[in-house]
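# A closer look at the structure
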Amino acid sequence: MRICIDAGHYLGTPGKRCLKSIDPQETREWVLNGRVADRVQALLQAYDCETIRVDDVTGKEEVTLYERVRKANKAGVELYLSIHHNAGIRGGSGGGIVVYVCPGADRQSKTVQQAIYQHTVTKTGLKGNRANPTPEGNLYVLNASAMPAVLGEFGFMDSTTDTPIILTQAYADQLAQGIVEALVEVYGLKEVDTVTYEQWKGFMERYQQEQSQLPPSDWAAEGLVQAKARGITDASRPQSGATRQEVALMINAAIK
Ligand SMILES: [Zn+2]
């Protein structure tokens, strides 16, 4: 499973920021989008799901929508997931999460849309007051991508009720968890086995054991016999690594 994650915009996108009267820092939308995208990627590392980013992860470079979709189409990913934050309330209250698919979207897009909406609202509690929080939208990345695609607007940057919440790291973490839960559910993602340190030591011991059984290489065979005759080495385990103390003893024997 491979998916593409698109953190909407970049740091320099005009107008895409939180409303100053609510957030004096005027946090840029890309900052909010980017940290959720980072978190989703990090969480998905525990699953059999590869992710690619189509935005500039530093937020410094503008990547056009055309470029983003082109990259996703070329990579042949199975889902295009675009992460945004909303605006339009102009300092009023209300808002909430809205997840879009394109008009006439395929069934898989709609399934992912519903799952992401349900899981993110449950996880974050940011249930809004939109008439239809899972609408169709004529959005370029949804229309132009060759695979199922959804675009989430995860709270309003100009809402007295949403904005203080969406600015918090806790919200970003919960949101990312909700998105990942939805993907795990829809795509049946499995957790990948991670190797413990003890297991790794076991593998290393087995590898070293195998190496110690190997005969000398042709190019080394004759020199090894001579070195043994001079008392520099016992010539055993010729393919094993030598520790610093073993090397020191060999040099010492050679000098003598
Ligand atoms: Zn946006």
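Residues numbered from 1 in each chain as written. Predicted model: local features only at pLDDT ≥ 70, side-chain atom pairs only at ≥ 80, totals over all residues.

## A closer look at the overall build of the protein chain
Secondary structure assignment for the protein chain yields nine helices and five strands. If you list the helices and strands of the protein chain from N to C, you get β-α-β-α-β-β-α-α-β-α-α-α-α-α. Taking 18 Å as the expected radius of gyration for a compact globule of 256 residues, we find that the protein chain reaches 28 Å, considerably beyond that expectation. Considered along the principal axes of its C-alpha atoms, the protein chain spans approximately 90 × 40 × 35 Å. A burial count over the protein chain gives 33% of its 256 residues as buried. (Helix = DSSP H or I, 4+ residues; strand = E, 2+ residues; numbered from the N terminus. Rg over C-alpha atoms; globule rule 2.2 N^0.38 Å. Buried ≥ 20, exposed ≤ 12 C-beta atoms within 10 Å, placed from the backbone.)

## Quick word on the domain arrangement of the protein chain
Here the protein chain is partitioned into domain 1 (2–187) and domain 2 (206–255). For domain 1 versus domain 2, the distance between C-alpha centres works out to 59 Å. (Domains from an automatic or database assignment.)

## Some points on the sheet that holds strand β5 (residues 149–156)
Backbone-to-backbone hydrogen bonds join strands into a sheet, with any given pair of strands oriented parallel or antiparallel. Pairing within the open sheet is mixed, and its five strands lie in the order β2-β1-β3-β5-β4. Both outer strands of the open sheet, β2 (50–53) and β4 (97–100), are each paired with one neighbouring strand and no more. Each neighbouring strand pair of the sheet contributes to a mean axis angle of 20°, computed without reference to strand direction. Where strand β1 (residues 2–7) lies against β2, four bridges are found, and the strand directions are parallel. Within β2, the residue paired with Ile3 across the bridge is Thr51. Packed onto the sheet, helix α2 (residues 65–75) meets β1, β2 and β3 (79–86) and runs at close to 170° relative to β1. (Pairing = 2+ DSSP bridges. Axes fitted to C-alpha atoms, helices over the stretch in contact; angles between N-to-C directions. Contact = placed C-beta atoms within 7 Å.)

## So, unusual backbone geometry
One non-glycine residue, Glu26, lies in positive phi territory at about 50°. Relative to the helices and strands, Glu26 resides in the loop between β1 and α1 (29–44). According to the C-beta neighbour criterion, Glu26 is exposed, with 11 such atoms within 10 Å. In this model, Arg237 sits at a positive phi of 40°, which is unusual for a non-glycine residue. Counting through the fold element by element, Arg237 comes out in the loop between α8 (218–229) and α9 (244–255).

## Some points on the nonpolar core
In this structure, Cys4, Val36 and Val150 are the most contacted members of the largest nonpolar core, which totals 47 residues. Examining the composition of this core, we find that eight residues originate from one element, helix α6 (residues 169–187), more than from any other. When residues no more than four places from it in sequence are discounted, the contact partners of Val36 are Ile83, Phe154, Ala172, Leu175 and Ala176. (Core = buried A, V, L, I, M, F, W, Y, C linked by C-beta atoms within 7 Å.)

## Observations concerning helix α7 (residues 197–212)
With 16 residues, α7 should reach 22 Å at 1.5 Å per residue; the first-to-last C-alpha distance of 22 Å fits that figure. Of all 16 residues making up α7, only zero are buried, and the element is barely covered by its neighbours. (Expected span 1.5 Å × (residues − 1).)

## A look at the pairing of β1
Of all the six residues making up β1, five are buried; the element is thus mostly covered by neighbouring parts of the structure. As paired strands, β1 and β3 are joined by five bridges and run parallel to one another. Looking at the pairing, Ile5 lines up with Leu81 of β3.

## Here's the deal with the packing of helix α3 (residues 107–124) against α6
Across the interface, α3 lies against α6 with an axial gap of 8 Å and an inter-helix angle of 140°. Read as a crossing pair, α3 and α6 show a hand that is right-handed. Across from Thr111, Val112, Ala115, Ile116, His119, Thr120, Thr122, Lys123 and Thr124 in α3, the residues of α6 making contact are Tyr171, Gln174, Leu175, Gln177, Gly178, Ile179, Glu181, Ala182, Glu185 and Val186. A class-by-class count of the residues in the contact of α3 with α6 yields eight nonpolar, eight polar and three charged. (Left-handed = near helix turned anticlockwise from the far one by under 90°. Nonpolar A, V, L, I, M, F, W, Y, C, P; charged D, E, K, R; others polar.)

## Some points on α6
Relative to the 27 Å expected for 19 residues at 1.5 Å per residue, α6 spans 27 Å between its end C-alpha atoms, a close match to the ideal helical length. On its buried side, α6 packs onto α1, α3, β5 and α5 (163–166). One or two positions beyond α6, positive phi appears at Gly188, with a value near 60°.

## Considering the environment of Asp158
Within the fold, Asp158 resides in the loop between β5 and α5. For Asp158, a count of 22 C-beta atoms within 10 Å gives the class buried. Considered as a pair, Asp158 and Arg90 are 68 residues apart in the sequence and their alpha carbons are 5.3 Å apart. In this view, Asp158 contacts Leu19, Ile22, Ala87, Ile89, Arg90, Gly91 and Thr163; residues no more than four positions away in its chain are not counted.

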